[in-house]
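# Coordinate inspection notes
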Amino acid sequence: MTARRPLRLALALALLAPGLTACFEEPSPHEAVRDFLVGWQSGDYEMAARRADADEATVVKALGDASLHLDAASIRFALGTISLQGDTAAANFSAEVNLGENNPLWEYDSVLPLRLIDGRWKVHWSPEVVHPDLHEGQRLAVKIDPEPRQPIIDRNGDTLQEDDTQYVAQVVPAELTDPAKVCEELSKITGFAQDRLLSRILSAPPTDEVPLATFGPNKYRELSAKLQAIQGLTIEQVHPPVAPKSPAQIVGRVNAVTPESEQQLGGPQRAGDTVGRDGLQKAYQDQLTGSTETRVVVLDSKTSQQVKELKSWPGRKNAPVRTTLDTAMQHAADLAVAGSQPAVLVAVQASTGEIRAIATKGLHQQKDALEGKYPPGTAFSVVTTDALLKADLDTQEKIPCTADRTVGGARFQQVGVTAAAPTFEADFAHGCVTALASLARMVKSDDLLLSAKQFGIGAEWTLPLPGHSGHVPAPETDATRAKVIAGTTVRVSPLAMALVAAAVQSGTWRPPVLVSSPALPDVSAEAAVASAAPPKPINLDPGRVSTLRTLMRAGVTNGSAKAASVAGSEVYGVASHVGYTEKKQRRELSWFVGWQGDIAIAAMVETSVPGAAPAVAGSFFGALAP
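### Some words on the overall build of the chain
- Along the chain, the regular secondary structure elements total 21 helices and 26 strands.
- Here the chain has a C-alpha radius of gyration of 35 Å; the compact-globule value for 626 residues is 25 Å, and the former is much larger.
- The principal-axis extent of the C-alpha atoms belonging to the chain is close to 120 × 55 × 45 Å.
- Every one of the 626 residues in the chain was classed for burial, and the buried ones make up 51%.
- For the chain, contacts bridging at least 24 residues in sequence account for 68% of all contacts bridging at least 6.

This is the structure in structure tokens:
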């Protein structure tokens with residue numbers, strides 16, 4: 001919210017003032033018009049009052065009240081024609097009132113009546129001078145009608161929030177004996193600008209409840225005694241549906257507007273509103289809150305009843321944000337990762353790329369599941385095998401799975417050798433790193449990079465939240481090619497690998513989709529992707545895809561991904577176990593990448609147990625069984 005801005009004199013009328021003075025002298029009305037409008041515009045109400053035919057104090061108060069009652073950040077005037085008729089005159093002018101934090105510019109046309117009194121022109125004062133429809137015993141006011149924050153919903157329209165508890169500090173202006181003191185005390189406690197609090201009170205209809213600040217339970221407990229000591233301030237407990245359900249870190253949290261966010265956000269936010277702190281709540285702040293409907297009205301000063309509406313602005317309508325998440329599938333994913341080890345599971349619909357579930361235990365749903373940069377180990381062989389198949393690899397060729405192998409100076413070790421001379425299919429199914437790395441000389445570097453690109457690795461996603469589609473370093477030597485095939489130098493997010501599985505299942509790589517409506521978040525949101533079009537789907541080679549499906553089915557029936565198998569439709573997948581060093585700490589990851597039906601997943605568990613991720617996948621698929 002912008003602070004009150006100084007009233008400006010950069011007005012055509014003011015710029016013309018010296019010329020007017022030079023050309024016209026009394027009894028011409030031009031100087032009277034100039035002095036009155038410039039004084040009114042600049043806030044020098046005494047200057048304006050000296051050019052009126054009424055009591056100066058009355059005029060000063062009326063002009064000051066008009067500015068306060070409009071909560072005006074600035075008032076600017078443009079002078080039109082002046083007509084003379086004997087000792088009376090009429091000056092046409094247009095007004096532009098900036099209603100400050102309430103956003104709209106209110107423009108209207110009016111006329112200054114003038115009379116020649118004792119040789120001097122005077123503005124013939126009445127409330128109609130302020131506005132033609134303002135009369136004696138009336139005042140202006142600004143009515144604000146905010147819409148409640150809209151929900152974030154899942155693909156079926158079910159809300160992804162539940163009721164939260166907040167405390168709203170509010171006043172009824174007509175019941176206050178000293179509004180300035182209330183604002184002074186509240187400002188000391190909360191940090192909100194005292195003048196902004198006061199202007200909200202003075203510009204509101206006197207009998208309306210005016211929210212000034214909102215607090216969460218913890219902050220309210222801290223301040224409750226001080227707040228309750230402010231005479232005229234009341235506290236209302238409200239229960240807006242803003243507490244995020246799972247996946248909470250994707251949905252995001254909502255905070256009450258603070259003095260800091262009030263200054264940063266600008267626009268429609270007022271103390272008492274809510275602001276998205278992170279996740280989709282932050283990315284779609286403007287869509288979820290919209291902007292307030294604003295009306296300038298005339299009130300009866302005694303009864304505070306509305307007499308007339310002078311102008312209204314409907315504001316921008318807010319709307320729910322519809323995600324592609326599925327609440328039932330999210331629940332199954334949450335249960336699947338609920339073990340003792342840090343874990344991630346991302347599920348996407350293979351035929352669309354729509355994200356159905358993002359679940360974590362001990363890891364962050366956005367920073368790790370969407371944006372994480374992890375080595376996939378031999379789970380990446382799904383991608384590199386595509387390049388090997390282009391080089392005419394025979395999946396029934398026997399390729400030894402040894403305990404130790406060096407390729408171009410890079411050493412690879414395999415734990416649990418299952419056969420002396422297995423086929424490539426068996427090596428793939430068991431994730432034998434020494435066998436896979438030994439094929440580095442068979443494949444071209446460019447083909448490895450092309451296959452990675454066709455499976456979306458390195459693609460520019462257009463998600464409303466930050467993500468990482470993966471990175472493959474240029475494999476220029478036998479050793480670097482072997483490391484890429486082994487997945488040790490590659491870095492991917494779990495979402496990127498879920499999309500790899502989806503590509504094999506459907507035969508087409510598709511970009512991820514998290515929000516179906518609106519398509520793009522606020523332009524101002526930090527996480528928003530510039531209005532770039534999402535990457536286009538990539539059709540994969542049907543023959544190679546068919547072979548990859550056969551290999552991934554073997555990974556579940558005969559390989560290291562066997563724990564993912566459940567009753568019902570067939571499960572396809574590959575598992576890996578990879579160790580690496582990050583920030584001088586040794587970490588180990590268990591991976592599963594695969595699908596059942598139209599749901600493709602990537603599961604990752606930080607553990608020394610190789611079969612942990614396939615077990616998580618099996619738990620997830622089992623929970624989805626009808």
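### A few points about the side chain of Gln414
- Mapped onto the secondary structure, Gln414 falls in the loop between β20 (410–413) and α15 (424–430).
- For Gln414, a relative accessible area of 14% gives the class buried.
- Sequence-distant contacts of Gln414, that is, excluding residues within four places in its chain, are made with Cys401, Thr402, Ala403, Gly431, Cys432, Val433 and Thr434.

### Focus: the sheet that holds strand β14 (residues 293–300)
- The strand order β5-β14-β15 describes an open sheet built from 3 strands, whose pairing is antiparallel. The sheet terminates laterally at β5 (138–145) and β15 (306–313), the two strands that pair on one side only. Each strand axis lies, on average, 25 degrees off the axis of its neighbour in the sheet, ignoring direction.
- Bridge count for β14 against β15 is 6 bridges, and the pairing is antiparallel. Pairing of Thr294 across the sheet is with Trp313, part of β15.
- Across the sheet, helix α4 (residues 56–70) is in contact with β5 and β14; its angle to β5 comes to roughly 10 degrees.

### With respect to the packing of aromatic side chains
- All told, the structure shown has 10 aromatic pairs when counted by the stated rule.
- Between Trp106 and Tyr108, the ring centres sit 4.7 Å apart and the planes meet at 40 degrees, which makes this aromatic pair tilted. Take Trp106 and Tyr108: they sit in the same class, and that class is buried.
- Cluster of aromatic residues (ring-pair linked, three or more members): Phe36, Trp40, Phe77 and Phe93.
- Its end group placed over the ring of Tyr572, Arg553 keeps NZ or CZ at 5.9 Å from the ring centre.

### Considerations on the pairing of β20
- Judged by which residues are buried, β20 turns out to be one-sided: Ala410 and Phe412 face inward and are buried, whereas Arg411 and Gln413, on the alternate face, are not.
- Note: strand β19 (residues 404–407) against β20, 4 bridges, orientation antiparallel. From the neighbouring strand, Arg405 faces β20, where its bridge partner is Phe412.

### Comments concerning helix α19 (residues 494–506)
- For α19, which comprises 13 residues, the first-to-last C-alpha distance of 18 Å matches the rise-based estimate of 18 Å (1.5 Å per residue) to within 8%.
- Across the 13 residues of α19, 11 count as buried, placing the element largely inside the fold.
- Where α19 ends, the next residue or the one after it, Gly507, has phi of about 85 degrees, a positive value.

### Quick word on the nonpolar core
- If you look at the biggest cluster of nonpolar residues, it comprises 87 residues, and the most contacted ones within it are Val348, Phe380, Phe424, Leu495, Met497, Leu514 and Trp591.
- The element contributing the most residues to this core is α19, with 10 residues.
- Apart from the residues within four sequence positions on either side, Phe424 is in contact with Thr385, Leu388, Leu393, Asp394, Thr395, Glu397, Ile399, Leu436, Leu439 and Leu551.
- Membership of the second largest hydrophobic core comes to 38 residues, among which are Ala89, Val123, Val129 and Trp313.

### Looking at the environment of Leu160
- You can see Leu160 is positioned in the loop between β6 (152–153) and β7 (161–162).
- Of the residues examined, Leu160 reaches a relative accessible area of 3% and is grouped as buried.
- Leu160 sits 163 residues away from Thr323 along the chain, and the two C-alpha atoms are 9.4 Å apart.
- Those residues in contact with Leu160, other than ones at most four positions away along the chain, are Ile152, Ile153, Asp154, Ala243, Pro244, Lys245, Ser246, Val251, Thr323, Leu325 and Thr327.

### What to know about the pattern of salt bridges
- Applying the stated criterion across every chain yields a total of 22 salt bridges.
- The partner of Asp133 in a salt bridge is Lys308, and the shortest N-O contact between them spans 3.2 Å. Separated by 175 residues along the polypeptide, Asp133 in the loop between β4 (120–123) and β5 and Lys308 in strand β15 bring together distant segments of the chain.
- Since its relative accessible area comes to 37%, Lys308 is described here as partly exposed.

### A few points about the packing of helix α14 (residues 381–390) against helix α17 (residues 445–454)
- Contact pair α14 / α17: the axes reach a minimum separation of 8 Å and the direction vectors enclose 130 degrees. Here α14 is positioned oblique relative to α17, judged by the angle of their axes. Considering the relative orientation of α14 and α17, their crossing is right-handed. Taking contact as the criterion, the partners of Val383, Thr384, Asp386, Ala387 and Lys390 in α14 are, on α17, Asp447, Leu448, Leu450, Ser451, Ala452 and Gln454.
- Looking at the contact of α14 with α17, its residues break down into 5 nonpolar, 3 polar and 3 charged.

### Focus: the sheet that holds strand β1 (residues 74–85)
- One open sheet holds the 4 strands; their spatial order is β1-β2-β3-β4, and the pairing between them is antiparallel. The strands lining the two open edges of the sheet, one partner per strand, are β1 and β4. Pairs of neighbouring strands in the sheet enclose a mean axial angle of 25 degrees, with direction left out of account.
- Note that strand β2 (residues 88–98) and strand β3 (residues 105–117) share 11 bridges and pair antiparallel. Note on β3: the bridge partner recorded for Asn98 is Leu105.

### Describing unusual backbone geometry
- Going from Ser246 to Pro247, the amide bond is cis rather than trans, its omega being 0 degrees.
- The residue Pro247 is located in the loop between β11 (243–244) and α8 (248–251) in this model.
- Cis geometry is found at the peptide bond from Ser517 to Pro518, where omega equals -10 degrees.
- Position of Pro518 relative to the elements: it lies in the loop between β22 (515–517) and β23 (538–539).
- Look at Asp118: it is not a glycine, yet its phi comes out positive at around 55 degrees.

Basis of the calculations
- Residues numbered from 1 in each chain as written.
- Predicted model: local features only at pLDDT ≥ 70, side-chain atom pairs only at ≥ 80, totals over all residues.
- Heavy atoms only, no water.
- Helix = DSSP H or I, 4+ residues; strand = E, 2+ residues; numbered from the N terminus.
- Rg over C-alpha atoms; globule rule 2.2 N^0.38 Å.
- Buried < 20%, exposed > 50% of the residue type's maximum accessible area, 1.4 Å probe, protein only.
- Contact = heavy atoms within 4.5 Å.
- Pairing = 2+ DSSP bridges.
- Axes fitted to C-alpha atoms, helices over the stretch in contact; angles between N-to-C directions.
- Phe/Tyr/Trp six-rings, centres within 6.5 Å; stacked < 30°, edge-to-face > 60°.
- Lys NZ or Arg CZ within 6 Å of the ring centre and 35° of its normal.
- Expected span 1.5 Å × (residues − 1).
- Core = buried A, V, L, I, M, F, W, Y, C linked by side-chain atoms within 4.5 Å.
- Salt bridge = Lys/Arg side-chain N within 4 Å of Asp/Glu carboxyl O.
- Parallel < 35°, antiparallel > 145°, perpendicular 65-115°, else oblique.
- Left-handed = near helix turned anticlockwise from the far one by under 90°.
- Nonpolar A, V, L, I, M, F, W, Y, C, P; charged D, E, K, R; others polar.

Honestly, it's all geometry; don't read function into it.
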